[in-house]
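Residues per chain are reported as follows:
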Amino acid sequence: MLNKYKTQGQQNELQGVRDSILPMKPGNADGGKGIRFNRYCTGHSRKATDSSSRLTTKRAIIRQRSADNSEMVFNQLMHHFNEKNLRQWFHELSGKAATGIDRISKEEYGENLETNIKDLHHRLKTMSYRPSPVRQVWIPKDGQPDKRRPLGIGTFESKIIEKGVQQILEAIYEPLFYDCSFGFRPKLGCHDAVRALHSYLYTSRVQEIIDLDLRNYFGSINHDLLMNIPSEKIQDKRFLRYIKRMLKAGILDNGNFIVSDEGVPQGAVCSPVLANIFAHTVLDDWFEKTVKIHCEGKVALFRYADDAVICCETKYDADRIRRILNKRLSKYQLKLNEDKTHMVKFDRSNRRESGSFDFLGFTFYQGLSRKGRTIPKLKSSGKKLRVKLKGVNEWCRKNRNKYRLQELWGKFCVKLRGHIQYYGVSFNSKAVLRFVREAISLFVKWLKRRSQKSTMTIKKFKKYMQIFPAPRVRIHHRLY
């Protein structure tokens, strides 16, 4: 009877024969980047990785080196801006974004992609590439229709270069960022910051909260002070020069060309990582290495972009930090927004005198558990709730006659689902349910105004909702 399995000696012998036949390195075909063989996989060969995985691997190497040695200096980075990577960054960009001053979309740029990529690569090598000015538009602020904030829209070609700068800077600085930073970081978001803050308030002793907000943070970042930070870790002068050129590209606002020594345009691809690097030095690093050492009690910082919260165990530490904050920020030409910066008593042992504070659209307060214990809770911010309902009312008014009822209701449910998915966190079911009910009431109100003969009522619409139900309110993000 034949043995079903080969002996270990036979397997080693076959492996030796196989190793002697298969080459250890790729051949010279296709520039030495042909099919690469894997000695340890099933079969004789595996396909070469695509440009996306190669690019990811290169970024992973940079990130690993930065993680292994926080003092490491990177001397050569511009070789990452080759044709393959430029092409990959082109494909990673969205084609639905607004166009810059040249009005060229991704589709139009891609019609002659190879020619455009080669020309762009040549200009980068010869240092003749200069970013185009940013087209600035003004969009209304949430809840403040009379106030507007600027949004910068670059050309698509500039976005390709910014995408490369963003990925390289993220690879270098991601291992250096502290856990207290959550804004504009890979695999981190608002709910991670909310969950971390709630967990700290639940497990640690806190008496005072500093709810701070930076005034016009993105528009106040000084270019020279910003460039001093990456120049300590990056010695590639060409790479730094291109970052400087991006900052000095200027803004085109209603035909007026403006060049300033301050600000990174909100909406640019690499602005978030540059703003994070600046805030890392100004706040995070200073807080971890200086503030914590000189405090009597335990303190913690939670920051999402320019919105931050400092938890203090004692009021004495909170007062000292609040006094020194203005001096620290003025050193980097930043200012606190005094209208939105507050000190709040937040003591679990004294619930009645404790206040509340807002962070990322949620209001944190001291509530009661089912057993009557004081615990930190959160709910939708009242201000944000009013702003959202105003937006719903305006949307219903403008769109009530554009679609048939089923299509209009479908689009409306998409908006409801987005609100539920963001605000559907622990302790907040009642606030979300209230928003859904009031939003549906506004929808029915404007539905009745589609015609003077309309007889639509809430009761009739509830019957319609039995066939086409609204999104179900549920918890999407659990905090415990």
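Note that residues are indexed from 1 along each chain, following the sequence as it is written. Local features in this predicted model are restricted to residues whose pLDDT is 70 or higher, and side-chain atom pairs enter the listing and the counts only when it is 80 or higher, whereas totals over whole chains, interfaces and linings include all residues. Side-chain measures were taken over the full set of non-hydrogen atoms in the model, leaving aside hydrogen atoms and water.

Hey, could you run me through the packing of helix α14 (residues 405-423) against helix α15 (residues 429-448) in this one?
When two helices pack together, their arrangement is given by the angle between the helix axes and the distance between those axes. Angles here are taken between N-to-C directions and fall from 0 to 180 degrees, while the axes themselves are lines fitted to C-alpha atoms, restricted in helices to the stretch in contact. Put simply, DSSP H or I for four residues or longer makes a helix, DSSP E for two residues or longer makes a strand, and each gets a number counted from the N terminus. Interaxial distance between α14 and α15 falls to 11 Å at its minimum, and their mutual angle equals 160°. As far as their axial angle goes, α15 and α14 are roughly antiparallel. In the crossing of α14 with α15, the sense of the turn from one axis to the other is right-handed. Between α14 and α15, the contacting residues are L405, L408, W409, F412, L416, H419, I420 and Y423 on the first element and V432, F435, V436, A439, I440, F443 and L447 on the second. Across the contact of α14 with α15, the residue classes tally to 14 nonpolar, one polar and no charged. Should an angle fall under 35 degrees it is taken as roughly parallel, and over 145 as roughly antiparallel, whereas 65 to 115 is taken as roughly perpendicular and any remaining angle as oblique. Here a crossing is called left-handed whenever its near helix is offset anticlockwise from the far helix by less than a right angle, and right-handed whenever the offset is clockwise. In this analysis, two residues are considered to be in contact whenever any of their non-hydrogen atoms come within 4.5 Å of each other. Residues are grouped as follows: Ala, Val, Leu, Ile, Met, Phe, Trp, Tyr, Cys and Pro are nonpolar; Asp, Glu, Lys and Arg are charged; all remaining types, including Gly, are polar.

Would you explain the nonpolar core in this entry?
The tendency in soluble globular proteins is for nonpolar side chains to be buried as a group. Counting residues in each nonpolar core, the largest one holds 70 residues, and the members touching the most others are F81, L169, F239 and I321. Tallying contributions element by element places helix α11 (residues 271-294) first for this core, with 11 residues. Each residue touching I321, except ones within four places of it in the same chain, is listed here: I210, F287, V291, C295, V299, I310 and C312. Of all hydrophobic cores here, the second largest spans 50 residues; its members include F357, C396, I440 and L442. We define the nonpolar core as a collection of buried residues of types Ala, Val, Leu, Ile, Met, Phe, Trp, Tyr and Cys that are connected through side-chain atoms lying within 4.5 Å of one another. Note on exposure labels: buried denotes an accessible area under 20% of the residue type's maximum, exposed denotes more than 50%, and partly exposed covers the range between, all computed with a 1.4 Å probe on protein chains only.

It is not clear to me how the sheet that holds strand β6 (residues 299-304) should be interpreted in this structure. Could you clarify?
Picture the strands of a sheet paired through backbone hydrogen bonds; they go either parallel or antiparallel. Two strands are said to pair when DSSP picks up at least two bridges between them. With respect to topology, four strands assemble into an open sheet ordered β6-β7-β3-β8, the strand pairing being antiparallel. Looking at the sheet topology across the chains shown, the edges are occupied by β6 and β8 (342-345). When the angles between neighbouring strand axes are averaged without regard to direction, this sheet yields 15°. As paired strands, β6 and strand β7 (residues 307-312) are joined by six bridges and run antiparallel to one another.

Whenever I open this one, the environment of C295 confuses me. Can you help?
Within the element layout of this structure, C295 appears in the loop between α11 and β6. Each C-alpha atom, one on C295 and one on D317, is 5.9 Å from the other, the two residues being 22 residues apart in sequence. Setting aside anything within four residues of it in sequence, one finds C295 in contact with D317, R320 and I321.

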